[in-house]
Amino acid sequence: MLIHPWDAALDDAEWQSWIAEGHDFGLLVVNGLPGQPPAAVPTHFARDGRDLLVHLARPNPVWHAIEHDPNVVLTVTGDYAFIPGPWRAAAGTPPHDGVPTSYYTAVQFVCRAGIVDAPEAKAELLRRQLAHFQPDGGHAPVAVDRPPYGRTLSGIRGLRLEVAEVRAKFKYDDHKPVEHGTAVADRLTARAEGLDTATARRQRNRLDRMGPWQP
């Protein structure tokens, strides 16, 4: 992922807070077996300290690839919008001279995957995931010897992803004048399609924190 200096996270807190806002669904990308393409598996994940926790169905064909090469990437994307060319035209130039682009946030976790197969270890992984996704409870105890989870644990395998590197990109034209960014955010808010509102909010947050980018 190309990250220009003006696209980089301002600090670790920026990408960490973005993930904590509810961006906990992504693509687990696994190197394919020899002669096969990479595999991309959509999945929820929960953070456990620096590690990420995932579980997948046992019949998922991705397991053979992970066992062959445990080096994986989990990528999360959000707050994205298409920016029309006229919105980006430089001051004093015809609107049709503007070049369109995409705005988005992307966080990539470069990880080494450890497979979790022991029943109690899988139960503990599910407990941690439920504590994140269903913090108010409302579920049966996750125990290896009690239904409903006890009889379903054999149908899944867990993954503990040890994060080696985090690559975070916030692509919102931060190398352009503040006035440009403010105008685009206003247009996104007015258009209000798809993730426009969330994208405008992220762009304004960046503008408030960093001001105009300086090389």
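The preceding data block contains the structure.
These notes cover the structure that comes with them.

1. Remarks on the pattern of salt bridges
Part 1: Across all of its chains, the model carries 19 salt bridges by this definition.
Part 2: Here R127 and E120 are joined by a salt bridge, their closest N and O atoms 2.9 Å apart.
Part 3: Across the salt bridge formed by R206 and D174, the nearest N and O atoms sit 2.8 Å from each other. Highlighted residues: R206 in helix 5 (residues 196–210) and D174 in the loop between strand 7 (156–171) and helix 4 (178–191), separated in sequence by 32 residues. An identical accessibility class is assigned to R206 and D174; each is buried.
Part 4: Salt bridges sharing common partners tie together D48, D51, E120, E124, R127, R128 and R160.

2. Considerations on the pairing of strand 4 (residues 51–57)
Part 1: Where burial is concerned, most of strand 4 is hidden: five out of the seven residues are buried.
Part 2: Across three bridges, strand 3 (residues 46–48) lies against strand 4 in antiparallel orientation. Pairing of D48 across the sheet is with D51, part of strand 4.
Part 3: Where strand 3 folds back onto strand 4 in an antiparallel hairpin, the turn is made up of two residues, including G49, whose phi is positive at roughly 65°.
Part 4: In the sheet, strand 4 pairs with strand 7 via six bridges, with the strands oriented antiparallel. Following the sheet pairing, L56 is matched in strand 7 by R157.

3. What to know about the pairing of strand 1 (residues 25–30)
Part 1: Both strand 1 and strand 2 (residues 39–44) contribute to a ladder of six bridges, which runs antiparallel. Among the inter-strand pairings, L28 is bridged to a residue of strand 2, identified as V41.
Part 2: When strand 1 meets strand 5 (residues 71–83), the two strands line up antiparallel, connected through four bridges. Bridge assignment links L28 to a residue of strand 5, and that residue is L74.

4. Some points on unusual backbone geometry
Part 1: In this structure, P148 follows P147 across a cis peptide bond, with omega equal to 5°.
Part 2: Mapping P148 onto the fold places it in the loop between helix 3 (119–133) and strand 7.
Part 3: In this structure, A192 is a non-glycine residue whose phi angle is positive, near 55°.

5. Observations concerning the sheet that holds strand 3
Part 1: Strands sit in the order 2-1-5-6-7-4-3 across an open sheet of seven strands; the sheet is antiparallel. Each edge of the open sheet carries a strand with a single partner, namely strand 2 and strand 3. Neighbouring strand axes in the sheet, compared pairwise and without regard to direction, differ in orientation by 35° on average.
Part 2: Note that strand 6 (residues 101–116) and strand 7 share 13 bridges and pair antiparallel. In the sheet register, V107 faces strand 7, and the bridge partner there is A168.
Part 3: Set on the sheet, helix 1 (residues 12–20) makes contact with strand 3, strand 5, strand 6 and strand 7; between it and strand 6 the angle comes to about 80°.

6. Quick notes on the nonpolar core
Part 1: In terms of nonpolar packing, the biggest core is built from 35 residues, with F109, L159 and L161 touching the most fellow members.
Part 2: Secondary structure elements with two or more residues in this core: helix 1, strand 1, strand 4, helix 2 (62–68), strand 5, strand 6, strand 7 and helix 4.
Part 3: Setting aside residues no more than four positions away along its own chain, L159 makes contact with L28, L52, L53, V54, L56, W63, I66, A113, G114, I115, V116 and L125.
Part 4: L126, Y149, L153 and I156 belong to the second largest nonpolar core, which has seven residues in total.

Reading the values: rules and limits
Residues numbered from 1 in each chain as written. Predicted model: local features only at pLDDT ≥ 70, side-chain atom pairs only at ≥ 80, totals over all residues. Heavy atoms only, no water. Salt bridge = Lys/Arg side-chain N within 4 Å of Asp/Glu carboxyl O. Helix = DSSP H or I, 4+ residues; strand = E, 2+ residues; numbered from the N terminus. Buried < 20%, exposed > 50% of the residue type's maximum accessible area, 1.4 Å probe, protein only. Pairing = 2+ DSSP bridges. Axes fitted to C-alpha atoms, helices over the stretch in contact; angles between N-to-C directions. Contact = heavy atoms within 4.5 Å. Core = buried A, V, L, I, M, F, W, Y, C linked by side-chain atoms within 4.5 Å.

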